[in-house]
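Inside the fold
Listed below, chain by chain, are the residues.
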Amino acid sequence: MTQKLALITGASRGLGAALAEALAPTHHIVAVARTTGALEELDDRIKSVGGSATLAPMDITVPDAMATLCRGIHDRWGQLDLWLHTAIHAAPLSPANFVAAKDWQKSMAINATATSVLIPYVAPLLGQTGQAVFFEDPRAGEKFFGAYGATKAAQMSLANSWQIETAKTGPKVQVLTPHPMATAVRARFFPGEDRDALATPQQEATRLLPQILSAADCPSAA
């Protein structure tokens, strides 16, 4: 396969779907999400611009599923060029002393634990020359953002450590901060916000893509 290969976890909607469409002209997309219908709609949009995708309707919180996914990528293609991790859970806003146990557990499972499982699974596929990209949303310590802020910060801590650890050896790890977007995640946090004033996921994908691709073309420091 001569076309580059991009794995997108959390590809069914929002920034993940927008990045999948933006990358489709140059990359075969491996799209991972739990919602089969949304993945099929994404596949239709990718095909409409001449791209191709492999749909993986899987739950990233199931380690065996992620092991199967990564083994399948290895057996079929041998490697990955790019991994974009956009999957996130937005727990309801709540004072810290009222965070529901189920919301905390789900936030930890999706935002933190799944990331800790995926990094060692995906790293061998990226090798020294591939690239992983994570997306920051700094809410740690803000009022009512206890579950989301803490678990997102845990995800970013893993990403930042991996970025420093691989600076000389690869794979390249980027942490990017999108502008506020009119997504379902943000709507849960700011339901009365004027969404017309926010960027669309497509606009942010267009803005961020040059940073992603230019970094992919730059070798790690010797």
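Preceding this paragraph is the structure being described.
Summary of the structure given here. Since the model is a prediction, treat every value here as computed from it, not as a measurement. (Residues numbered from 1 in each chain as written. Predicted model: local features only at pLDDT ≥ 70, side-chain atom pairs only at ≥ 80, totals over all residues. Heavy atoms only, no water.)

Right, let's get into the pattern of salt bridges. Scanning the entire structure with this criterion turns up 8 salt bridges. A salt bridge links Lys-102 to Asp-103, with the shortest nitrogen-to-oxygen separation between them at 3.5 Å. By relative accessible area, which is 15% here, Asp-103 ends up buried. The partner of Arg-207 in a salt bridge is Glu-204, with the nearest N and O atoms 2.8 Å apart. Taken together, the residues Arg-207 and Glu-204, both in helix α7 (residues 201–216) and 3 residues apart, mark about one turn of the helix. Residues joined by salt bridges that share partners form a network here, namely Asp-137, Arg-139 and Glu-142. (Salt bridge = Lys/Arg side-chain N within 4 Å of Asp/Glu carboxyl O. Buried < 20%, exposed > 50% of the residue type's maximum accessible area, 1.4 Å probe, protein only. Helix = DSSP H or I, 4+ residues; strand = E, 2+ residues; numbered from the N terminus.)

Turning our attention to the nonpolar core. Of all hydrophobic cores here, the largest spans 28 residues; its most connected members are Leu-7, Ile-73, Trp-83 and Phe-134. For this core, the secondary structure elements donating two or more residues are β1 (4–9), β2 (27–33), α3 (63–76), α4 (101–126), β5 (131–135) and α5 (146–165). A total of 7 residues in this core trace back to one element, the largest contributor, which is α4. The residues contacting Leu-7, other than those within four sequence positions of it, are Val-30, Val-32, Leu-69, Ile-73, Leu-80, Leu-82, Trp-83, Leu-84 and Val-122. Of all hydrophobic cores here, the second largest spans 26 residues; its members include Ala-20, Leu-42, Val-133 and Met-181. (Core = buried A, V, L, I, M, F, W, Y, C linked by side-chain atoms within 4.5 Å. Contact = heavy atoms within 4.5 Å.)

Time to look at the side chain of Thr-183. Along the chain, Thr-183 falls in the loop between β6 (172–176) and α6 (184–189). Note on Thr-183: relative accessible area 14%, which makes it buried. Looking at Thr-183, its side chain comes within polar contact range of the main-chain nitrogen of Arg-186, at 3.2 Å. With residues up to four places along the chain from it excluded, the contact list for Thr-183 reads Gly-14, Arg-195 and Pro-201. (Polar contact = N/O pair within 3.5 Å; in protein donor to acceptor, adjacent residues only side chain to side chain.)

Here we come to the pairing of β6. On a regular strand, each side chain points to the face opposite its neighbour's, so the side chains alternate between the two faces of the sheet. Alignment of β5 against β6, held across 5 bridges, turns out to be parallel. Looking across to β6, one finds that Ala-132 is bridged to Val-173. After leaving β5, the chain enters α5 and then returns to the sheet as β6, a path that is right-handed. (Pairing = 2+ DSSP bridges. Right-handed = clockwise from strand over helix to strand, strands pointing away.)

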